[in-house]
Amino acid sequence: MLTEAQQATSRRRFLQFLAASPLLAGTDFAAMAAERPERLPDPMVWAPRQLDKLISSPKEAINVFDFEAVMAKNVPPAHFNYLASGIDDEVTLRANRADFQKFVLRPRRLVDVSKVDMSTEILGVKYDSPIIVAPSGGHKGYHADGEVGTARAAKVGDHLQILSTQATTSVADVIAARGKPIWYQLYATNRFEIAKHHVQSAEAQGAIAVAVTVDSVGARNQETLFRGRQRDTRVCSDCHDRSSLEKNNVRRPMYQDIPPTASAKVVGRGSQGRAP
Ligand SMILES: Cc1cc2nc3c(=O)[nH]c(=O)nc-3n(C[C@H](O)[C@H](O)[C@H](O)COP(=O)(O)O)c2cc1C
């Protein structure tokens, strides 16, 4: 009979043996078993997603990643890779995914779960869900409905939506589709009057708060995006004029009627990393 300590040692050795197996090299399992042997591996190892069998309707999705494979098929490589891109060799993206698995739900027993209430209040507004739709730019690059489509989806689950400065749909249209006020995300520029214009315009259209993005302070090396561009047969400059800020953003509602921006640079947005 093995003691508890001996059992733990055998289990750890077994997992380390599996992790070292060439069959599993490079998989999440190998990484997780090596790093955290006490955790079970990702079930993907024995229940892989079949990339040749895509879902044909959202109802068929088992989880949110089933959409990603459909998108990879339908969206041109440059746009798909922009969305999929992290930074450099995707080290952070991988680390984020692995670390996210360290969060676990703590089940509470003997609790009445017949009515689950996940509602929360943020800045005086109540939402049914604590999950927020983070800002991301250029939704019309992915679907003609743009951010209005995202707003309709956010409405279904009553999620707070934060609309990007780089949105391709106006604040007013998004609020109309969302049926509730939204927050506006601000990319600051080196010209105060541009930030002022953005914020005043968002407020006039009904945004109730501003989220200032402060974590992009230099150029972004979006290697995954660059690889997608190489595979894309379309000519980027047919749609994207990166010769100046105002030309690049000519189709973005938040840049309409903006004060002259000839010398404006978006602070914190690298020349390589503009939205599609
Ligand atoms: C394709 C893409 C576009 C994004 N666009 C914006 C943006 O316009 N403004 C912004 O503040 N953050 C933007 N972000 C950052 C997200 O809002 C979010 O903070 C980030 O993706 C981290 O959350 P995640 O780990 O759930 O992806 C973008 C992220 C991605 C992947």
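One can find the structure itself at the top, above this paragraph.
Residues numbered from 1 in each chain as written. Predicted model: local features only at pLDDT ≥ 70, side-chain atom pairs only at ≥ 80, totals over all residues. Heavy atoms only, no water.

K.L.:
Explain the overall build of the protein chain here, please?
P.N.:
The helix and strand tally for the protein chain stands at 10 helices and five strands. Burial analysis of the protein chain (276 residues in total) assigns 35% to the buried set. For the protein chain, the proportion of contacts with a sequence separation of at least 24, taken over those separated by at least 6, is 62%. As presented, the protein chain carries roughly 17,800 Å² of accessible surface, and 58% of it is formed by carbon and sulfur atoms. (Helix = DSSP H or I, 4+ residues; strand = E, 2+ residues; numbered from the N terminus. Buried < 20%, exposed > 50% of the residue type's maximum accessible area, 1.4 Å probe, protein only. Contact = heavy atoms within 4.5 Å. Areas by Shrake-Rupley, 256 points an atom, 1.4 Å probe, with all protein chains shown as cover.)

K.L.:
Would you mind going over the pairing of strand 4 (residues 183-186) with me for this structure?
P.N.:
Across a regular strand the side chains alternate sides, sitting on one face of the sheet and then on the other. Burial of the side chains of strand 4 extends over both faces: Trp-183 and Gln-185 are buried on one face and Tyr-184 and Leu-186 on the other. Relative to strand 4, strand 3 (residues 162-163) runs parallel, the two being bridged by two bridges. Bridging across to strand 4, Ile-162 finds its partner in Trp-183. Where the polypeptide runs from strand 3 across helix 7 (residues 171-178) and back to strand 4, its parallel neighbour, the crossover connection is right-handed. Bridge count between strand 4 and strand 5 (residues 209-212): four bridges; the pairing is parallel. (Pairing = 2+ DSSP bridges. Right-handed = clockwise from strand over helix to strand, strands pointing away.)

K.L.:
Help me understand the site of the ligand, please; the structure alone is not making it clear to me.
P.N.:
Around the ligand sit Tyr-82, Leu-83, Ala-134, Pro-135, Ser-136, Gly-137, Ser-164, Gln-185, Tyr-187 and Thr-213, and those are all the residues in its vicinity. A distance of 2.6 Å separates an oxygen atom of the ligand from a polar backbone atom of Pro-135. About the coverage of the ligand: the protein hides 55% of its 610 Å² of free accessible area. Its residues assigned to classes, the shell around the ligand comprises five nonpolar, five polar and no charged. (Near = heavy atom within 4 Å. Polar contact = N/O pair within 3.5 Å; in protein donor to acceptor, adjacent residues only side chain to side chain. Nonpolar A, V, L, I, M, F, W, Y, C, P; charged D, E, K, R; others polar.)

K.L.:
So what exactly am I meant to see when it comes to the environment of Ala-69 here?
P.N.:
Secondary-structure assignment places Ala-69 in helix 3 (residues 65-74). Through-space distance from the C-alpha of Ala-69 to that of Lys-53 is 9.2 Å; in sequence the pair is 16 residues apart. With near-sequence residues (within four places) excluded, Ala-69 lies in contact with Leu-51 and Leu-54.

K.L.:
Looking at this model, I keep getting lost on the pattern of salt bridges. Mind explaining?
P.N.:
Where charged atoms from two side chains of opposite charge come close, those side chains can pair. Going through the model one piece at a time under the given rule, you end up with eight salt bridges. A salt bridge links Glu-193 to Arg-191; the nearest nitrogen and oxygen atoms lie 2.7 Å apart. With a closest N to O distance of 2.8 Å, Asp-232 and Arg-234 form a salt bridge. You can call Arg-234 partly exposed: its relative accessible area is 42%. (Salt bridge = Lys/Arg side-chain N within 4 Å of Asp/Glu carboxyl O.)

K.L.:
When you look at the sheet that holds strand 4 in this model, what are you seeing that I'm missing?
P.N.:
Strands pair in a sheet through their backbones, by hydrogen bonds, and they do so in one of two ways: parallel or antiparallel. The three strands lie next to each other as 3-4-5, forming an open sheet whose pairing is parallel. Strand pairing shows two members of the sheet lacking a second neighbour, strand 3 and strand 5, which therefore form its edges. Against the sheet, helix 8 (residues 192-205) touches strand 4 and strand 5, its axis set at about 170° to strand 4. (Axes fitted to C-alpha atoms, helices over the stretch in contact; angles between N-to-C directions.)

K.L.:
Even after reading the chapter, I still don't get a nonpolar patch on the surface, so can you show me in this structure?
P.N.:
Taken together, the side chains of Val-111, Val-113, Val-116 and Met-118 present a nonpolar region at the surface, about 410 Å² in accessible area. Position of Val-113 among the secondary structure elements: in the loop between helix 5 (91-100) and strand 1 (120-122). On the accessibility criterion, Val-113 (60% relative accessible area) is exposed. (Patch = residues over 30% accessible without salt bridge, like charges linked within 9 Å, V, L, I, M, F, W, Y side chains within 5 Å.)

K.L.:
How do you make sense of the packing of helix 6 (residues 146-157) against helix 7 when you look at a structure like this?
P.N.:
Describing two packed helices takes the angle between their axes plus the distance from one axis to the other. It is at 8 Å that the axes of helix 6 and helix 7 come closest, and there the two elements cross at 30°. Taken together, helix 6 and helix 7 sit at an angle that is classed as roughly parallel. The chirality of how helix 6 crosses helix 7 is right-handed. From helix 6, Glu-147, Val-148, Ala-151, Arg-152, Ala-154 and Lys-155 reach across to helix 7, where they touch Asp-173, Val-174, Ala-177 and Arg-178. Split by residue class, the contact of helix 6 with helix 7 holds five nonpolar, no polar and five charged. (Parallel < 35°, antiparallel > 145°, perpendicular 65-115°, else oblique. Left-handed = near helix turned anticlockwise from the far one by under 90°.)

K.L.:
Honestly, the nonpolar core in this entry has me stumped. Any pointers?
P.N.:
Note on soluble globular proteins: their nonpolar side chains tend to be buried together. Grouped together as the largest cluster of nonpolar side chains are 19 residues, with contacts concentrated most on Leu-163, Val-171, Ile-182, Tyr-184, Ala-202 and Met-254. Where this core is concerned, the elements lending two or more residues are helix 6, helix 7, strand 4 and helix 8. By residue number, the principal contributor to this core is helix 7, which donates four residues. Those residues in contact with Ala-202 that sit more than four places away from it in its chain are Val-171, Tyr-184, Ala-207 and Met-254. In this structure, Val-125, Leu-160, Ile-162 and Ala-209 belong to the second largest nonpolar core, which totals seven residues. (Core = buried A, V, L, I, M, F, W, Y, C linked by side-chain atoms within 4.5 Å.)

Read these as layout, nothing more, since geometry by itself doesn't imply function.
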